[in-house]
Amino acid sequence: MLAMLAVMMAVIVFTSVAHALHPPGNVETINPLTLHLEGEFMESNLGTALEPDGSVTVRLIAQQYSFVPNCLLVPAKTPVRFRLTSPDVIHGFLLVDTNVNTMIMPGFISEVRTSFARPGDYFLPCHEFCGLGHHGMWARVVVVPKEQFAKLSRTQRVGCEPG
Ligand code: CUA
């Protein structure tokens, strides 16, 4: 019995090290009633923004049953910071084929960092059951070459649609 516990413990430790798993490090709160309207997550501040150091920040609201914005544009080979929150219930944020996998909770800001090695389309499903429309809740991340992203204007960088 003790040997089985030791083996299971060892498997957890080994897989978390081997797959570089780490729990979310930041705890930030936000008023879920005023998202879209004011503060960091107001409508005009959502989407991708270029930071002075060359990295990008993507702000996103997950709500029943969609992600806003629904299609994200980010450059390849660049540090990307996602800042996420929810006005209603807990949603999930999973970027297929990357290390990004987190929950989005109302009242809190989830922050995850990653970078994309090559351009392409990434599927972003909500993977936390959030209600009847859960299975239809997903978004897309379009990763473009770094040089192409640099040529875009501030409004074009915000999302996939030409601004
Ligand atoms: Cu949102 Cu499931």
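Use the structure listed above.
On a predicted model such as this, the values are computed, not experimentally measured, just so you know.

S.K.: How do you make sense of the overall build of the protein when you look at a structure like this?
M.R.: In terms of regular secondary structure, the protein is built from three helices and eleven strands. Starting at the N terminus, the α and β elements of the protein follow one another as α-β-β-β-β-β-β-β-β-β-β-β-α-α. With respect to the three principal axes, the spread of C-alpha positions in the protein is 60 × 35 × 30 Å. The 163 residues of the protein split such that 38% are buried. The long-range share in the protein, meaning contacts at least 24 apart out of those at least 6 apart in sequence, stands at 61%.

S.K.: Where do I start with the side chain of Glu111 in this structure?
M.R.: Mapped onto the elements of the fold, Glu111 is located in strand β9 (residues 108-114). We classify Glu111 as buried; its relative accessible area is 16%. Engagement of the side chain of Glu111 in a polar contact is seen with the side chain of Arg81, the distance being 3.5 Å. Within polar-contact distance, the side chain of Glu111 engages the side chain of Arg113 at 2.9 Å. What Glu111 contacts, discounting residues up to four positions off in sequence, is Asn26, Glu28, Arg81, Phe82 and Arg83.

S.K.: What is the right way to look at the environment of Arg83 in this model?
M.R.: With respect to the helices and strands, Arg83 occurs in strand β6 (residues 80-85). The spacing of Arg83 and Arg113 is 30 residues in sequence and 8.9 Å in space, taken between C-alpha atoms. Each residue touching Arg83, except ones within four places of it in the same chain, is listed here: Glu28, Glu40, Phe41, Thr57, Val58, Arg59, Leu60, Ile109, Ser110 and Glu111. Looking at Arg83, its side chain comes within polar contact range of the side chain of Glu40, at 2.6 Å.

S.K.: Looking at this structure, how should I read the sheet that holds strand β11 (residues 138-144)?
M.R.: Neighbouring strands of a sheet are bound in pairs by backbone hydrogen bonds; such pairs are parallel or else antiparallel. Read from one edge of the open sheet, three strands run β5-β11-β10, paired in mixed fashion. Edge positions in the sheet fall to β5 (71-75) and β10 (120-125), since each of these pairs with one other strand and no more. Each adjacent strand pair in this sheet contributes to an overall mean axis angle of 25 degrees, direction not counted. With six bridges joining them, β10 and β11 adopt antiparallel strand pairing. Bridge pairing links Leu124 to Ala139 in β11.

S.K.: Explanation requested: the nonpolar core in the structure shown.
M.R.: Taken as a class, soluble globular proteins show a tendency for nonpolar side chains to be buried jointly. Counting residues in each nonpolar core, the largest one holds 30 residues, and the members touching the most others are Phe67, Phe82, Phe93, Leu95, Phe116, Leu124 and Val141. Taken together, the elements giving at least two residues each to this core come down to β3 (56-63), β5, β6, β10 and β11. When sequence neighbours within four positions are dropped, the list of residues in contact with Phe93 reads Leu60, Phe67, Phe82, Leu84, Val100, Asn101, Thr102, Ile104, Val112, Leu124, Pro125 and His127. Counting residues in each nonpolar core, the second largest holds seven residues, with Ile30, Leu46, Ile61 and Ile109 among its members.

What counts and what doesn't
- Counting starts from 1 at the beginning of each chain's written sequence and moves along it residue by residue.
- Local features in this predicted model are restricted to residues of pLDDT 70 or higher, and side-chain atom pairs are both shown and tallied only at a pLDDT of 80 or more, whereas totals for entire chains, interfaces and linings draw on every residue.
- The basis for every side-chain value is the complete set of heavy atoms in the structure, and neither hydrogens nor water enter the calculation.
- Helix and strand labels come from DSSP, where a helix needs a run of H or I of at least four residues and a strand needs a run of E of at least two; each type is numbered from the N terminus.
- Burial status follows relative accessibility: with a 1.4 Å probe on protein chains alone, a residue under 20% of its type maximum counts as buried, one over 50% as exposed, and anything between as partly exposed.
- We call two residues in contact whenever any of their non-hydrogen atoms come within 4.5 Å of each other.
- Whenever two N or O atoms come within 3.5 Å, that pair is a polar contact, provided that in protein one can donate a hydrogen and the other can accept it, and provided that, for residues adjacent in sequence, both atoms are side-chain atoms.
- Here the rule is simple: two strands pair whenever DSSP picks up at least two bridges between them.
- Between N-to-C directions, angles span 0 to 180 degrees; the directions come from axes that are lines fitted to C-alpha atoms, helices contributing only their stretch in contact.
- The set of buried Ala, Val, Leu, Ile, Met, Phe, Trp, Tyr and Cys residues whose side-chain atoms join them within 4.5 Å is what this entry labels a nonpolar core.

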